[in-house]
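The lines below spell out each chain.
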Amino acid sequence: MPALEVEYRNAALRVELDSNRSARLFINNIQRMHESLTPLSGTLRLSSSVQTDYEWHEFIEAIVTYDETETTVVLNASNAEIARETYSNRSN
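Note that the coordinates shown come from a computational prediction; the quantities given were computed from them, not determined experimentally.

Caption draft 1: Region of the structure containing the pattern of salt bridges. Across all of its chains, the model carries five salt bridges by this definition. One salt bridge in this structure joins Asp 18 and Arg 24, with 3.4 Å as the shortest N-O distance. Its relative accessible area of 21% is what places Arg 24 among the partly exposed residues. For the salt bridge of Glu 61 with Arg 45, the shortest nitrogen-to-oxygen distance reads 3.1 Å.

Caption draft 2: Up close: the nonpolar core. In terms of nonpolar packing, the biggest core is built from 23 residues, with Val 15, Leu 17, Ile 60, Val 64 and Leu 75 touching the most fellow members. Of all the secondary-structure elements, those providing two or more residues to this core are strand S1 (3-8), strand S2 (11-17), strand S3 (22-27), strand S5 (42-51), strand S6 (57-66), strand S7 (70-77) and strand S8 (80-88). Setting aside residues no more than four positions away along its own chain, Leu 17 makes contact with Met 1, Pro 2, Ser 22, Ala 23, Val 64, Tyr 66, Thr 71, Val 73 and Tyr 87.

Calculation notes
- Residues numbered from 1 in each chain as written.
- Predicted model: local features only at pLDDT ≥ 70, side-chain atom pairs only at ≥ 80, totals over all residues.
- Heavy atoms only, no water.
- Salt bridge = Lys/Arg side-chain N within 4 Å of Asp/Glu carboxyl O.
- Buried < 20%, exposed > 50% of the residue type's maximum accessible area, 1.4 Å probe, protein only.
- Core = buried A, V, L, I, M, F, W, Y, C linked by side-chain atoms within 4.5 Å.
- Helix = DSSP H or I, 4+ residues; strand = E, 2+ residues; numbered from the N terminus.
- Contact = heavy atoms within 4.5 Å.

Below, the structure is given as structure tokens:
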């Protein structure tokens, strides 16, 4: 199962994907959101707020885009991109 993991302002962020076009957003190892996509192509948006650092809050959003050949995960914190990863959907 592919996963994009980032440490951001003392918060552990992770987006996990599975072969059924489902995605899960974890913050500090706690699942905050889970979404699935029925069609073969499309976009999922998973989001949550989190306290990072002392009295600092961020809006975390994972945007997962599926198409026939690849899946792209973009992780944003307060509308600024902090990580991006693309995975091939083709089996070897």
